[in-house]
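Reading the structure
If you want the building blocks of each chain, they are given just below.
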Amino acid sequence: MSNLSAINTDRLPKHIAIIMDGNGRWAKQRGKFRVFGHERGTRSVREITECCAEIGIENLTLYAFSTENWNRPKIEVQTLMKLLISSLKKEINTLIDNDIKLSAIGNLDALPKKVFSELNDVIEKTKSNSRMTLTLALSYGSRDEIVSAFKAISTKVKNNIISPEKIDEYIINEHLYTRNLPDVDLLIRTSGEQRISNFLLWQIAYAELYFTDVLWPDFGKEDLYEAIVNYQNRERRFGKTSEQLT
Ligand code: IPE
Ligand code: IPE
Ligand code: MG
């Protein structure tokens, strides 16, 4: 277990992204329904969000619901959507008190109207906050995001707004849902699974990956500190040699 004093505040990741996984297994271990795990998971969301803001992390992106998660049993999807609405209502003050701006990425049009409007309400009410940006990935799939970027760019090419030779990494980046965010520095996945599950494929090109066996409802401040300390002990070479970095 790490504590706050172990973190070097001069070398914080600017953007942490988390695949919040293991809610179902957490509930199952306790002989409860999966939804119980999702409910507990919202506690971790609050704790980790507040903690990131306190440490000075500028961007936190949470994978809350994937395009593939639509294929779960209808009742689970409905419960997750309801939980989303109640959490947004409940946590708006946490966001305001901590000067956190809410944002969302994903195919948001696919969300139920109630979720969409509640989400927009909180986004609107927190838009001037500046301490940290909390981005929820909802109905998010990285391939879906890349497909929509391709469509938007090809439309611009067709209408002579962009010439094909001008397409570069910057332009592609500008057409992703994450256009306002820096690249991910640290990607955390809980629950022991070591896969990306269609999350931020472009944006994690040079992210440091951190996998922990802790299930999301159990993931707390100390676990986050530990992930950050681990990140800070790595050498990010970006293709260069160690010697070049010094
Ligand atoms: C993550 O927990 C939450 C969502 C994907 C919505 P899971 O629901 O995937 O939990 P496990 O992986 O089944 O334990
Ligand atoms: C990834 O978790 C999506 C979210 C955390 C929202 P899953 O539990 O859906 O991922 P897979 O299907 O096991 O890879
Ligand atoms: Mg899972």
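Here's what I pulled together on the structure shown here. Here the structure is a predicted model, which is why all the values come from computation and not from measurement. (Residues numbered from 1 in each chain as written. Chains lettered and ligands numbered in written order. Predicted model: local features only at pLDDT ≥ 70, side-chain atom pairs only at ≥ 80, totals over all residues. Heavy atoms only, no water.)

**Some points on the site of ligand 2**
Applicable threshold: Any residue with a heavy atom positioned within 4 Å of a molecule or strand is treated as near that molecule or strand. Polar contact criterion, stated in full: a pair of N or O atoms within 3.5 Å, where within protein one must be able to donate a hydrogen and the other to accept it, and residues adjacent in sequence count only if both atoms are side-chain atoms. Only the protein chains shown count as covering a residue, and every accessible area follows the Shrake-Rupley method with a 1.4 Å probe. A helix here means a DSSP run of H or I that spans at least four residues, while a strand means a run of E at least two residues long, and both kinds are numbered starting from the N terminus.
In the vicinity of ligand 2, the contacting residues are I19, M20, D21, Y63, A64, F65, N69, R72, R189, R195 and S197. Here an oxygen atom of ligand 2 sits 2.9 Å away from a polar atom, N or O, in the side chain of N69. Taking R72, its side chain carries an N or O atom lying 3.3 Å from an oxygen atom of ligand 2. When ligand 2 is considered free in solution it has 390 Å² of accessible area, and contact with the protein chains removes 77% of it. It is strand β2 (residues 59-66) that provides the largest number of residues to the shell around ligand 2, a total of three residues.

**Things to note about the pattern of salt bridges**
Definition in use: Salt bridges are identified by distance alone: a Lys or Arg side-chain nitrogen within 4 Å of an Asp or Glu carboxyl oxygen. Type-normalised accessible area, obtained with a 1.4 Å probe on protein chains alone, sets the label of each residue: buried when under 20%, exposed when over 50%, and partly exposed for intermediate values.
Evaluated as defined, the whole model comprises 15 salt bridges. A salt bridge links K89 to E118; the shortest N-O distance between them is 3.1 Å. Of this pair, K89 sits in helix α3 (residues 74-97) while E118 sits in helix α4 (residues 113-125); the two residues are 29 residues apart in sequence, bridging distant segments of the chain. Relative accessible area serves as the criterion here: at 51%, K89 is assigned to the exposed category. Across the salt bridge formed by E208 and R236, the nearest N and O atoms sit 3.6 Å from each other. Here E208, found in strand β6 (residues 208-211), pairs with R236, found in the loop between α7 (221-232) and α8 (242-245); they are 28 residues apart in sequence, far enough to count as distant. For the residue pair E208 and R236, the accessibility class agrees, reading buried in each case. Here the salt bridges share partners, and the residues they tie into one network are D21, R25, R189, E193 and R195.

**Some remarks on the site of ligand 1**
Stated precisely, the cut-off is as follows: Each residue receives one of three labels: charged for Asp, Glu, Lys and Arg, nonpolar for Ala, Val, Leu, Ile, Met, Phe, Trp, Tyr, Cys and Pro, and polar for the others, Gly being one of them.
Every residue near ligand 1 is listed here: M20, D21, G22, N23, G24, R25, R34, H38, A64, N69, R72 and L80. With respect to ligand 1, the backbone of R25 contributes an N or O atom lying 2.7 Å from an oxygen atom. Contacts to ligand 1 include R34, whose side-chain N or O atom sits 2.8 Å from an oxygen atom. Contributions of two or more residues to the shell around ligand 1 are made by α1 (23-29) and α2 (34-55). For the shell around ligand 1, the element with the most residues is α1, which contributes three residues. Partitioning the shell around ligand 1 into residue classes produces three nonpolar, five polar and four charged.

**Considerations on unusual backbone geometry**
Excluding glycine, residues mostly have negative phi values, and the peptide bonds linking residues are mostly trans. Residues other than glycine seldom take positive phi values, yet S139 does so here, at roughly 50 degrees. If you check the backbone angles, L200 has positive phi at about 45 degrees while not being a glycine. Note on placement: L200 falls in the loop between β5 (186-189) and β6.

**Here's the deal with the sheet that holds strand β1 (residues 15-19)**
Here is the rule: Pairing between two strands requires that DSSP report at least two bridges joining them. The convention used is that axes are lines fitted to C-alpha atoms, helices contributing only their stretch in contact, and that angles between N-to-C directions extend from 0 to 180 degrees. Pairs of residues are marked as contacts when any of their non-hydrogen atoms sit within 4.5 Å.
With respect to topology, six strands assemble into an open sheet ordered β3-β4-β2-β1-β5-β6, the strand pairing being parallel. Edge positions in the sheet fall to β3 (100-105) and β6, since each has one partner strand and no second. On average, each strand axis in the sheet is inclined to that of its neighbour by 20 degrees, with strand direction left out of account. Across the sheet, α2 is in contact with β1, β2, β3 and β4 (132-140); its angle to β2 comes to roughly 160 degrees. Sheet strands in contact with α7 are β1, β5 and β6, and its direction is about 140 degrees off that of β5.

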